[in-house]
Amino acid sequence: MTAGQIAGLIAAIAFLLLVIFIGLFLMEVSRTISEVNRTIKTMTSNVDVIAKQTDNIMATSNDLLKDVDDKLNIVTPVFQAAADLGESVSSLNTATQNLTKRVKDTGKKGVSAGLAGKFGKSAWNMYRNRHGSKDTTK
C-alpha cells in the first residue's frame, strides 16, 4: 500500500465518520422537532380550553355586572329618599332651634313684663295708699 492509498483510506474513513455523525445529528434534530411539534399541539389544545373557559368567565361576569347594575338602579331611589330624609331632618332641626330661641326670647320678655307689671302694681298700690291716706284725713 502506498502512501497515497493510505491517505485516501484515512480520508474515506474520516468522511464515513463525518457522514455517521451528521446522520446522528440529523436524527437527533428530527426527534427534537417532533417533540416540539407535540408540545405545540398540546399547548394549542390547552390554549383552546383556556380560551373557552375565558369566554365562559367573561359571559358570567357580564351577566353578574348587568345584575348588579339592575339592582343598583333599584336601590338608587332608596339612597335618594335617605338623602331627602336627611335634608328634611336637618331643616326640622333648624326650625326647632329657631322655635326654641323664639320661645326663650318670649320667655325673657315675659319675665321682663312680669317684673314691670309687679313694679307697676307696687307703684299703683303706693299711689293709692298715699291718695287714700290723704282722702281719709280730710
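Presented here is an overview of the structure given in this document. Just so you know, the residues in each chain are numbered from 1, in the order the chain's sequence is written. Thresholds applied to this predicted model are a pLDDT of at least 70 for local features of residues and 80 or more for the giving and counting of side-chain atom pairs; totals over whole chains, interfaces and linings are not thresholded and use all residues. Side-chain figures throughout are based on the complete set of non-hydrogen atoms in the structure, without hydrogens or water.

Quick look at the pattern of salt bridges
Inference 1: Definition used for salt bridges: Asp or Glu carboxyl oxygen within 4 Å of a side-chain nitrogen of Lys or Arg. Applying the stated rule across the entire model yields 4 salt bridges.
Inference 2: Here D70 and K66 are joined by a salt bridge, their closest N and O atoms 3.3 Å apart. Separated by 4 residues within a single helix, D70 and K66 lie in helix α1 (residues 3–137), roughly one turn from each other.
Inference 3: Assessed through its relative accessible area of 52%, K66 is described here as exposed. Counting from the N terminus, the helices are DSSP H or I runs at least four residues long and the strands are E runs at least two residues long. Summary of the burial criterion: residues with accessible area below 20% of their type's maximum are buried, those above 50% are exposed, and those between are partly exposed, where the area comes from a 1.4 Å probe applied to protein chains only.

Considerations on a nonpolar patch on the surface
Inference 1: Like charges within 9 Å and nonpolar side chains (Val, Leu, Ile, Met, Phe, Trp, Tyr) within 5 Å are joined into patches, using only residues over 30% in relative accessible area that form no salt bridge. In this description, accessible areas are obtained by the Shrake-Rupley approach with a 1.4 Å probe, and a residue is regarded as covered only by the protein chains that are shown. Among the surface-exposed residues, M1, I6, L9, I10, I13, L16, L17, I20, F21, L24 and M27 lie close enough to one another that they form a single nonpolar patch of about 1,100 Å² accessible area.
Inference 2: The class for L9 is partly exposed, based on a relative accessible area of 46%.

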